[in-house]
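Overview (structure and organization)
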Amino acid sequence: MATKERSFFTSVWDFFCSLKLTLSLLISLALTSIIGTILPQGALPPEYIAQISATKLQIYSKLGFFDMYHSWWFIALLYVFSMNLISCSIKRLPHVFKFISEPSLVLGEGMRNSAQLKKELSFSGSIEKGKDRLVEFLGKEFSTPVITEHNGEYHLFAQKTAWCRLGVYVVHLSILIIFIGAIIGSLFGYKGFVSIVEGSSVNAFERHNGGQMPLGFEVLCEKFNVDFYANGSPKEFRSVLTVLENGKPVPGHSQVKVIVNQPMTYKGITFYQSSYGQASEGGEHYITVTPRNGGATEKFTVREGFAVTLKDGTTFKLLEATQEVRQFAPGFSGPAARIEVTRKGAAPQTFISFKNFPDVNAQRGDALIFGYEGTNARMYTGLQVAKDPGVWVVWLGCTLMVIGIGVAFFMSHKRIWVVVSKGHAHIYGNASKNQAGFQIQFEEISEKFQHLKI
Amino acid sequence: MSSSMLFNVTTFTYLISMLAFFAFLASKNKSIGLAGSFIAYAGLIIQTVAIGLRWKESYALGVGHAPMSNLYESIVFFSWTIVLLFAYIDIRYKYRIIGAFVMPFALLGMAWAQMGMNTGIEPLVPALQSNWLLYHVITCFLGYAAFAVACGISIMYLIKTAAESSSTSAPAGGLMSMFPPLKVLDDLNYRAIMIGFPLLTLGIITGAAWANYAWGTYWSWDPKETWSLIVWFVYAAFLHARITKGWVGKRAAWLSVIGFIATLFCYLGVNLFLSGLHSYGSGG
Ligand code: HEM
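Residues numbered from 1 in each chain as written. Chains lettered and ligands numbered in written order. Predicted model: local features only at pLDDT ≥ 70, side-chain atom pairs only at ≥ 80, totals over all residues. Heavy atoms only, no water.

**Some details on the interface of chain A and chain B**
Listed as interface residues are 46 residues of chain A and, on the opposing side, 43 residues of chain B. Carbon and sulfur atoms make up 73% of the area that chain A and chain B hide from each other, which totals about 3,700 Å². Together, A:Thr37, A:Asn261 and A:Phe409 form the three largest contributors to the area buried by chain A at its contact with chain B, with a combined 18%. Where chain A touches chain B, the interface holds zero salt bridges. (Contact = heavy atoms within 4.5 Å. Buried area = accessible area lost by both parts, 1.4 Å probe. Salt bridge = Lys/Arg side-chain N within 4 Å of Asp/Glu carboxyl O.)

**As for the sheet that holds strand β18 (residues 368–375) of chain A**
Pairing between the strands of a sheet comes from backbone hydrogen bonds, and it takes one of two forms, parallel or antiparallel. All names here are of chain A. Strand order in the open sheet formed by three strands is β13-β12-β18, with antiparallel pairing between adjacent strands. The open sheet has two free edges, formed respectively by β13 (298–302) and β18, since each of these has just one partner strand. Averaged over neighbouring strand pairs, the angle between their axes works out to 25° when direction is ignored. As judged from the five bridges shared by strand β12 (residues 285–291) and β13, these two strands associate in the antiparallel manner. From the neighbouring strand, threonine 288 faces β13, where its bridge partner is lysine 299. (Pairing = 2+ DSSP bridges. Helix = DSSP H or I, 4+ residues; strand = E, 2+ residues; numbered from the N terminus. Axes fitted to C-alpha atoms, helices over the stretch in contact; angles between N-to-C directions.)

**Things to note about the domain arrangement of chain B**
Residues and elements named next belong to chain B. Here chain B is partitioned into domain 1 (1–124) and domain 2 (138–284). The distance between the C-alpha centroids of domain 1 and domain 2 comes to 20 Å. Contacts between the two partners involve 28 residues from domain 1 and, on the opposite side, 31 residues from domain 2. Considering only the side of domain 1, the residues that lose the most area to domain 2 are Leu71, Phe78 and Phe101, jointly responsible for 22% of the buried surface there. Counting across the interface, domain 1 meets domain 2 through zero salt bridges. There are three residue pairs in polar contact (both at pLDDT 80 or more) connecting domain 1 and domain 2. For the side of domain 1 that touches domain 2, the elements supplying multiple residues, two or more each, are α1 (3–27), α3 (71–93) and α4 (99–116). In terms of residue class, the side of domain 1 that touches domain 2 is built from 22 nonpolar, five polar and one charged. (Domains from an automatic or database assignment. Polar contact = N/O pair within 3.5 Å; in protein donor to acceptor, adjacent residues only side chain to side chain. Nonpolar A, V, L, I, M, F, W, Y, C, P; charged D, E, K, R; others polar.)

**Quick look at a nonpolar patch on the surface**
A contiguous nonpolar surface patch, about 430 Å² in accessible area, is contributed by B:Phe12, B:Leu15, B:Ile16, B:Leu19 and B:Phe22. Relative to the assigned elements, B:Ile16 resides in helix α1. (Patch = residues over 30% accessible without salt bridge, like charges linked within 9 Å, V, L, I, M, F, W, Y side chains within 5 Å. Areas by Shrake-Rupley, 256 points an atom, 1.4 Å probe, with all protein chains shown as cover.)

**Quick notes on empty space enclosed by the protein**
Residue and element names in this part refer to chain B. Scanning the entire structure with this criterion turns up one cavity of 30 Å³ or more. Empty space within the largest cavity amounts to approximately 40 Å³. Contributing to the lining of the largest cavity are Phe7, Ile51, Arg54, Pro67, Tyr72, Glu73, Val76 and Phe77. Elements with a minimum of two residues in the lining of the largest cavity: α2 (30–60) and α3. A total of four residues in the lining of the largest cavity trace back to one element, the largest contributor, which is α3. Among the residues making up the lining of the largest cavity, the classes are represented as six nonpolar, no polar and two charged. (1 Å grid on protein atoms, 1.4 Å probe; cavity = no way out; pocket = protein on both sides within 12 Å on 5 of 7 lines; lining within 4 Å. Points joined across faces, edges and corners; volume = space filled by probe spheres on them.)

This is the structure:
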């Protein structure tokens, strides 16, 4: 019974330590990850639901395919992955430490015969003299050796960068640290969105997973601006934000310029410029109407979507307005309005009226010239709000990973043994990585070794 | 002298270099091989100048930015890194013939970019106005290029093993004698991936750092991010299979080819077939 139990635990343990499992996990993670890049994730667009059959939809949602990176089975894969990393390190690390702290000071017969790098030196002096001379030589050319007397021979052992054998484990540990950082972030962090109308302030934001969350302070949007390139694409959108505590600006956090790629952080909460628009509420637009045959210009104040009837029975309606028309009408710039005019008894006509191009407005061959004079509507700035206390742990993990990979790939544990017997000595070399590179170094050293006069 | 003219010269130079390498394969004439290398280096220098010039031109247009901001510029940069890595391997390991299997990737990239794409210099949208763009793109593309080189070497490996197993007689004969020994190809494949994997890792990390800096989320499972992780998993599998289970030779070569197909999908397929946050999609 006892042995059976033991063998069960051993086989579970072996399973978790095995590299077969690592390979299966890496391949499984790679393959399953593809699903989430093909199927839409999160809130499904209605067009997608319309084109997919009901049974498929049901099966996919049951399997968690629409939020697959948070589905139970993907998380389970990551757990097994972590277990794999932890158990294989527990199994191997002690051996590696032992290997580093208790190196083979004496080179056995087997290793001597199988060594790829070796050279011989004959000398006429005494074995003691040979040993002393070779200790000095190794110390000068490579590193200070440890001397062991064994079966009437002296074994000199010297090594360099033994610790680099730990590089691999640093890489593995770094993965676990990144996971820990991600878990901290998901437990104690949050993400959301807030829009602030120019000149107003907010003290809460909308969380991505629903619900309002108080900030604990106020954020005031002093000003918002957009600049455009000549081709009409946006160049920079810029909010000027001030943090208020108890209604008073916080020194160092007042009039802060926030643009894309330049966020503002206060009390661990970071605000990222992400979108903008025109505040719809309260926005009034000014439209002028001038009779072409030279009458007085009339000025109207209207809201988007509202219609006005003129004295002659013509109605006009402000369909929409923008404060920058470039992306809709290349070649033009500045504020503009789309207006629909219905002359009495005629079909409606739609056109764009520009604030900065009155001549263009006048060119529309009609009895009435419509001008757009802008708006008193204000802009709002859209900000992502995020707090992630785990992010530094993630960066720590990333840093360790880069260092670990550098050490594991590009550094090598180099060892040299010199076995001194009566009348001759042998030098042997071994490197854990990049044998070709070490061979060059070994050849240089052994060349000098063979020319020693003892 | 405009950059677009120099890019055309570059494309032509890579074509000649590739043809020289093919002639080298067929003729075994060493000086043709040497010419292939030197033409490739000349192309590399011309392309370097062209990239610098394009950078300068963008400032003259008032939209100054490093030339790595759309699909066209990224493909040009990708070709450049491939030739750069080939030069490194050629000089360091002296296996020139690899050029016959690596230069086609560089040529294909340049030809596609020059003929099939909008080559205009565009202003940077706000999301791309960051130094992180530079670090991110450079590390990613150096990694991709190393994988391209590894893939070319693996194809040589697969051709050579196939040829050797079909002609049971002498492995000495014909074209195959031009190829480096199988053991060398296998080792070079591993070395190229040892260069590519750390760079890809850095590329993913700089991307995450940038995403976090620009919008507060270091990882959002956007298709491009996910595919870069898939590529990373494939090469991590390659490294583990290799050290610990001795997956050398044919299987390693296949894994390297599969890894590069995944890389290409990450780079191009995601933009062409899937939607996401990354910007290169619109450059086509
Ligand atoms: C995707 C995540 C992983 C990465 C990036 C990674 C990275 C590495 C690297 C760079 C090496 C050294 C390669 C070389 O020497 O050429 C290595 C070796 C190794 N890895 Fe991983 N690894 C990962 C996951 C795992 C997991 C989950 C296990 C669990 C068993 C594992 C087990 C090992 C073992 C046993 C070695 C050999 C160590 C030795 O030579 O003593 N790795 N890994």
